[in-house]
Amino acid sequence: PSSDDGLIANTRVIVWCPSKKKHNLGTLTKTNGEWDLPHRIEYDDGSSEWTYLNYRRFKIVEKANETSSTTSQVQRPSDVQLKVNTRVMVWWPLENKSYPGTLTKIDTKR
């Protein structure tokens, strides 16, 4: 595997999981170009894996800033407080597709 594939830590990705037949949203938390599976993904559902994204169906949702790639802090779903302007991915099962979006309003009365 090449370590110069352009993927850096803290990049948000959505990865197709064929065994679950769905996309998983997660964060690329570590890379190691010397390993057969050089990309560590921590998914928003709490699962994680080492994989080789160049052999997977995936899309970059949000590129990491160069400065954020050096930080060791990664937000986990349990740490996130949803608020207006939070970036999200929404799954539309009828279209078998995910769409990025931004929360514009939160109704706490529902």
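Everything here concerns the structure above.
Let us look at the structure shown here.

What counts and how
- Residues numbered from 1 in each chain as written.
- Predicted model: local features only at pLDDT ≥ 70, side-chain atom pairs only at ≥ 80, totals over all residues.
- Heavy atoms only, no water.
- Buried < 20%, exposed > 50% of the residue type's maximum accessible area, 1.4 Å probe, protein only.
- Helix = DSSP H or I, 4+ residues; strand = E, 2+ residues; numbered from the N terminus.
- Pairing = 2+ DSSP bridges.
- Axes fitted to C-alpha atoms, helices over the stretch in contact; angles between N-to-C directions.
- Core = buried A, V, L, I, M, F, W, Y, C linked by side-chain atoms within 4.5 Å.
- Contact = heavy atoms within 4.5 Å.
- Patch = residues over 30% accessible without salt bridge, like charges linked within 9 Å, V, L, I, M, F, W, Y side chains within 5 Å.
- Areas by Shrake-Rupley, 256 points an atom, 1.4 Å probe, with all protein chains shown as cover.
- Salt bridge = Lys/Arg side-chain N within 4 Å of Asp/Glu carboxyl O.

Describing the pairing of strand 3 (residues 39-43)
Piece 1. Across the 5 residues that make up strand 3, a large majority, 5, are buried.
Piece 2. For strand 2 (residues 22-31) and strand 3, the ladder comprises 5 bridges, and the chain directions are antiparallel. Each bridged residue has a counterpart across the sheet, and for Lys-30 the counterpart in strand 3 is Arg-40.
Piece 3. By the bridge criterion, 4 bridges tie strand 3 to strand 4 (residues 48-51) in an arrangement that is antiparallel. Looking across to strand 4, one finds that Arg-40 is bridged to Trp-50.

As for the sheet that holds strand 3
Piece 1. With antiparallel pairing, 5 strands are arranged side by side in an open sheet as 4-3-2-1-5. Looking at the sheet topology across the chains shown, the edges are occupied by strand 4 and strand 5 (58-62). Averaged over all pairs of adjacent strands, the angle between strand axes in this sheet comes to 35 degrees, irrespective of strand direction.

Points about the nonpolar core
Piece 1. Counting residues in hydrophobic clusters, the biggest one holds 7 residues: Leu-7, Val-13, Val-15, Leu-28, Ile-41, Tyr-43 and Leu-53.
Piece 2. Only strand 1 (11-17) and strand 3 provide two or more residues apiece to this core.
Piece 3. Residue contacts for Val-13: discarding those within four places in its chain leaves Asn-24, Leu-25, Gly-26, Ile-41, Phe-58, Lys-59, Ile-60 and Val-61.

Side note on a nonpolar patch on the surface
Piece 1. Residues Leu-82, Val-84 and Ile-106 make up a contiguous nonpolar surface patch of about 260 Å² in total accessible area.
Piece 2. For Ile-106, the location among the structural elements is in the segment after strand 7 (97-102).
Piece 3. On the basis of relative accessible area, Ile-106 is assigned to the partly exposed category, the value being 40%.

Side note on the pattern of salt bridges
Piece 1. As enumerated under the stated definition, the model contains 4 salt bridges in all.
Piece 2. Its salt-bridge partner being Arg-12, residue Asp-44 comes within 2.8 Å of it at the nearest N-O pair. Of this pair, Asp-44 sits in the loop between strand 3 and strand 4 while Arg-12 is found in strand 1, placing the two residues 32 residues apart along the sequence.
Piece 3. Judged by its relative accessible area of 22%, Arg-12 is partly exposed.
Piece 4. The salt bridge involving Arg-40 is made with Glu-42; its shortest N-O contact spans 3.9 Å.

The values reported here are purely geometric and, on their own, carry no functional implication.
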